[in-house]
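Below are the chains, spelled out letter by letter.
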Amino acid sequence: MRVLIVEDEPHIASYIEDAVRSILGSTLRSLHTSLSLEDAFEWRSKRAIDLCLLDLNLSGEDGFDLLTEALSGPFLTIVISAHTERAIQAFEHGVIDFLPKPFTVDRLRVAIDRVLGRNPQPGRARYLVFRKHNRSHLLPVETIRYLEAERYLVHAHTTDGRVELLEKPLSYLEMVLPEQFVRIHRSRIVNLDHMASFEHVSGNEYRVRLKDGTSLALSRSRYPMLARRLGG
Amino acid sequence: MRLLARFLRPASLLAILLCFVALAVCAGAQQSAVTRVDLSSARDVYINAWKFHSGDDLEWAKPGFDDGSWRKISEDEARRVGGPGWLRAALALEGAIDDTEVLALQFDRWAIPFQVFWDGELIATSATTSGAGRPGALAPRLGILRVGRERTQPSTHLLALRLVQGTQPGEPCCSVVWVGPYTVLRNALQASLDLSRINVGLYLAAVLFSLFFYLGGWRSPSLLFFSGYAVFPLIYALWNIAELSGTTPPSLPLLPSWLSTIGTLVSSWLLILFLVWHLDAPRKVVNASVPAIVVLVAMIGGFTSGRGLVIFEALLFIYGLGICLSGRRRGTPGAMFAMVGVGTMVLFQSAELTHVMARLCNAVPSIPWAAVLTGFFLACVLGSISFRIRERAKTLQALEIRSQRLETELLKKSIQPHFVMNTLFSIKSLIARNPPKAEELVEAMAAEFRIISRIAPERAIDVEEEIDLCQRHLQLMGHRRDATYRLIVEGTCPGEQVPPMVFHTLVENGLTHSYQPKENGTFYLTCERTEREIVYRLRNDGSRIQHLTSLAAEAIEEGMGLKYVKARLEESAPGQWRLDYGVKDGLWEVTIALASRAMPCVC
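Residues numbered from 1 in each chain as written. Chains lettered and ligands numbered in written order. Predicted model: local features only at pLDDT ≥ 70, side-chain atom pairs only at ≥ 80, totals over all residues. Heavy atoms only, no water.

1. With respect to the overall build of chain A
- The secondary structure content of chain A amounts to 7 helices and 17 strands.
- Buried positions account for 53% of the 232 residues belonging to chain A.
- Sequence separation of 24 or more characterises 54% of the internal contacts of chain A that already satisfy a separation of 6 or more.
- Surface exposure of chain A reaches about 10800 Å², of which carbon and sulfur atoms provide 47%. (Helix = DSSP H or I, 4+ residues; strand = E, 2+ residues; numbered from the N terminus. Buried < 20%, exposed > 50% of the residue type's maximum accessible area, 1.4 Å probe, protein only. Contact = heavy atoms within 4.5 Å. Areas by Shrake-Rupley, 256 points an atom, 1.4 Å probe, with all protein chains shown as cover.)

See the structure below:
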């Protein structure tokens, strides 16, 4: 895993570095600490990362602009902050976890386990962030009908017919999206609020039909789970 | 030029215009040759068509004497003439007097002895006419003099007054002479006495109330102006009582003309000053100067008595009414009350000028109209003052609440989760890696919090204590950020006081926004004491301020820190401070200037 720590207090940054090393052990491919935003952006522009541990208040600047920027990138974000009153807002923006300062190594381990898919919990995101025309935009999750992965990108199909491009893995989105978003296929997540029905068509063919008439393929392996969820 | 421009504002122009109108009205006032008296109307009139000639000749008492070459004098001049000399007035009696009545003349106190001739016949002598009397000695009061029914047939009669001796230059010799039915004159005299007594009560109450308000803690100059305004009518009323009552001491001089003038014009000007300060009118100097010019015009123009004086008094009240209207438009508390009161007085004066007041008094004689209107005016003004006092109490309460809020703000700022949690996290990080440094950080945090808990409830602290707090904060932040920060104090102002945590907040801002992590830094604090103000300059050499050099100070967004500093300065030195900031000579500089006496000083 490639990790970027963005923290302007050197002692705290060192503590987090030590903690990340001890948690990830040999799975840690690279670790970089940025004491400033400028350095973080520069690092991110040159190197790929998988996880960003981000302090929300760097040099007196409100980190939410940065957070929005970070959430549009193709990596996962854990927020580290003393501003606990903003935790809900952070979750709504789709962060994996929020670590209030000061935290223990064990608490950081729980957060990283979530990233690694070892400790799944329903997400609380109310928005997904996407980049368009060099700007980050918020997409309210209730407007998403379904998400469809195509290679490393995800298309979000919205109720008004738009298709927005998200630079996040589908597995990440599955973690941060709320309960009504269900994985129905290796490459699809559907919003149950917009689903009309699901059926076994024939043989190995299973379909989900949305309220607007859209028909999506449903994996045979996910059919029983969907049936359980919807009492079918 | 700026002063001239300010004087040429519309309000000033209007006042000047009204001055000229008043002059024109006064100059154009036509004087009748004969005073008409309607015997059937049961009214009294004062005689205002006098002719005067100095010298002494008993022939001048006779109706057949041709006084065509005599000088006509105004009512005001008639009061100032001195003897030896004669005053003659033609009275045209019309209608028939009631059977039970008799025509009478009313003379108040005169400064010189005189004789009264009616159609050439001596009917009264006020004092010895031997000419042996001391110049300026007061003649006994003649009071109301019955002329007699047989002498008052409807026709033109001659009233001649023989002034026996002279007066001191500039001093009044005579008072107004009234003519009318005896009962009417007697009642009018009693009413005038009653009115004066009521006025004494009203104006004395006004003087005492405003003085008590002032001594009670609201040290507003407006209260002194109002007190000054009310003093003159009070003296006037007291003097009047002394002159009209039957027990006048002979040694009491006549009311000096200068006092009479001041009692009217200057007190009206003081009323305007009261309104200007009371209603917090803008451009105080202009608003005080314009009516002062009106007063000067009246005095230089000689309009210091009679109709001219009333017109100028009315002009001043109209100006005052304008100030009330302006206050009302600005929403000043109490302006409405003041406006109603002053408006009433303007109506009162207009009614006097147009004789509506006299008609009203004759129509409803049972109501002392002048006293009622004056009382209403004073009640309105006192009501307006009470409004302002209530408003002031509210403001003080709001300031108290704001002060408490700022104290809470200070504590919140000092123990804000971000600061405390990051410090604790730094300590936690250091415990394992560098225990001695962790201990130093704990000590630095404790030292800073000790100072903060001590100064939190204070509105002002010694500048040395504030500097100490800044040093502690820099030490703590140095530990946290693994850097070295210094505060160099260049020139001190020992004994001066500043609101708590003002420099601390600026230092905190500087650390947050000016320096990169691990970058060492130096803050410079200078203090310069001039005659008018104390100027503090706090600069820092952070590398991150370089990008601000291209920005104007106005373009830099003010955060909570600067808002806190401004609120603290306003609380401690309302309206007597300024704060500037920006990049200067490559350093970020914040300048705080406090007026010299704005903050307490133990220097």
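The rest of the description comes next.
2. Brief notes about the nonpolar core
- Core analysis: the biggest nonpolar cluster contains 66 residues, and Phe226, Tyr229, Leu275 and Phe377 of chain B have the highest contact counts within it.
- Residue assignment for this core shows that the elements contributing at least two residues are α4 (182–215), α5 (221–244), α6 (257–278), α7 (284–300), α8 (306–330), α9 (335–353) and α11 (369–414) of chain B.
- Contact partners of tyrosine 229 of chain B, with chain neighbours within four places excluded, come to Tyr203, Ser267, Ser268, Leu270, Leu271, Phe317, Phe377 and Leu378 of chain B.
- The next biggest cluster of nonpolar side chains, apart from the first, holds 65 residues, and it includes Leu51, Leu139, Ile144 and Leu147 of chain A. (Core = buried A, V, L, I, M, F, W, Y, C linked by side-chain atoms within 4.5 Å.)

3. Focus on the pairing of strand β10 (residues 144–150) of chain A
Residue and element names in this part refer to chain A.
- As judged from the 6 bridges shared by β10 and strand β11 (residues 153–158), these two strands associate in the antiparallel manner. Looking at the pairing, leucine 147 lines up with alanine 156 of β11.
- Taking the residues that link successive antiparallel strands as the turn, the β10-β11 hairpin has 2 residues, and the phi of arginine 151 there is positive, at about 60 degrees.
- Looking at chain direction, β10 and strand β14 (residues 188–191) are connected through 3 bridges and run antiparallel. Along β14, the bridge assignment pairs glutamate 148 with arginine 188. (Pairing = 2+ DSSP bridges.)

4. A look at the packing of aromatic side chains
Residues and elements named next belong to chain B.
- Taken as a whole and assessed by the stated rule, the structure comprises 23 aromatic pairs over all chains.
- Geometrically, the ring pair formed by tryptophan 60 and phenylalanine 65 is tilted, given 6.4 Å between the ring centres and 40 degrees between the ring planes.
- For phenylalanine 65, a relative accessible area of 27% gives the class partly exposed.
- Three or more aromatic residues link up through ring pairs in this structure, and these residues are Tyr203, Phe226, Tyr229, Phe274, Phe317 and Phe377.
- Looking at arginine 390, its charged tip hangs above the ring of phenylalanine 387, at a distance of 5.1 Å from the centre. (Phe/Tyr/Trp six-rings, centres within 6.5 Å; stacked < 30°, edge-to-face > 60°. Lys NZ or Arg CZ within 6 Å of the ring centre and 35° of its normal.)

5. Some words on the interface of chain B and chain A
- Between chain B and chain A, the contact holds 21 residues from the first and 20 residues from the second.
- Summed over both partners, the interface of chain B with chain A comes to about 2000 Å²; 60% of that surface belongs to carbon and sulfur atoms.
- Considering only the side of chain B, the residues that lose the most area to chain A are His418, Phe425 and Pro517 of chain B, jointly responsible for 30% of the buried surface there.
- Our count for the chain B to chain A interface comes out at 2 salt bridges.
- Of the charged contacts in the structure, one is a salt bridge between arginine 480 of chain B and glutamate 9 of chain A, with a shortest N-O distance of 2.3 Å.
- Remark: the boundary between chain B and chain A carries 7 residue pairs in polar contact (both at pLDDT 80 or more).
- Elements that contribute at least two residues to the side of chain B that touches chain A include exactly α12 (417–433), α14 (463–481) and α15 (502–514) of chain B.
- For the side of chain B that touches chain A, the leading source of residues is α12 of chain B, giving 11 residues.
- In the side of chain B that touches chain A, the residues fall into 6 nonpolar, 8 polar and 7 charged. (Buried area = accessible area lost by both parts, 1.4 Å probe. Salt bridge = Lys/Arg side-chain N within 4 Å of Asp/Glu carboxyl O. Polar contact = N/O pair within 3.5 Å; in protein donor to acceptor, adjacent residues only side chain to side chain. Nonpolar A, V, L, I, M, F, W, Y, C, P; charged D, E, K, R; others polar.)

6. Digging into helix α1 (residues 10–24) of chain A
Residues and elements named next belong to chain A.
- For α1, which comprises 15 residues, the first-to-last C-alpha distance of 21 Å matches the rise-based estimate of 21 Å (1.5 Å per residue) to within 8%.
- Counted residue by residue, α1 has 11 buried out of 15 residues, so it is predominantly covered.
- Turning to α1, its buried residues are Pro10, His11, Ile12, Ala13, Ser14, Tyr15, Ile16, Ala19, Val20, Ile23 and Leu24.
- With its phi angle positive at about 55 degrees, glycine 25 sits one or two positions after the end of α1. (Expected span 1.5 Å × (residues − 1).)

7. Digging into the confidence of the model for chain B
Residues and elements named next belong to chain B.
- Here chain B averages 80 in pLDDT, and 81% of its residues register 70 or above.
- Confidence over residues 26–30 falls short of pLDDT 50; this stretch has 3 contacts with residues more than four positions distant or in other chains.
- Counting interchain partners and residues more than four positions distant, the pLDDT-below-50 stretch residues 128–137 has 14 contacts.
- On the interface metric, ipTM, the complex scores 0.73, and its pTM is 0.52. (pLDDT = per-residue confidence, 0-100.)

8. Some points on unusual backbone geometry
- Backbone torsion omega between lysine 101 of chain A and proline 102 of chain A reads -10 degrees, so that peptide bond is classified as cis.
- Of note, proline 102 of chain A is situated in the loop between β7 (97–100) and α5 (105–115).
- Backbone geometry places methionine 501 of chain B, a non-glycine residue, at a positive phi of 65 degrees.
- Assignment of secondary structure puts methionine 501 of chain B in the loop between β14 (497–498) and α15.

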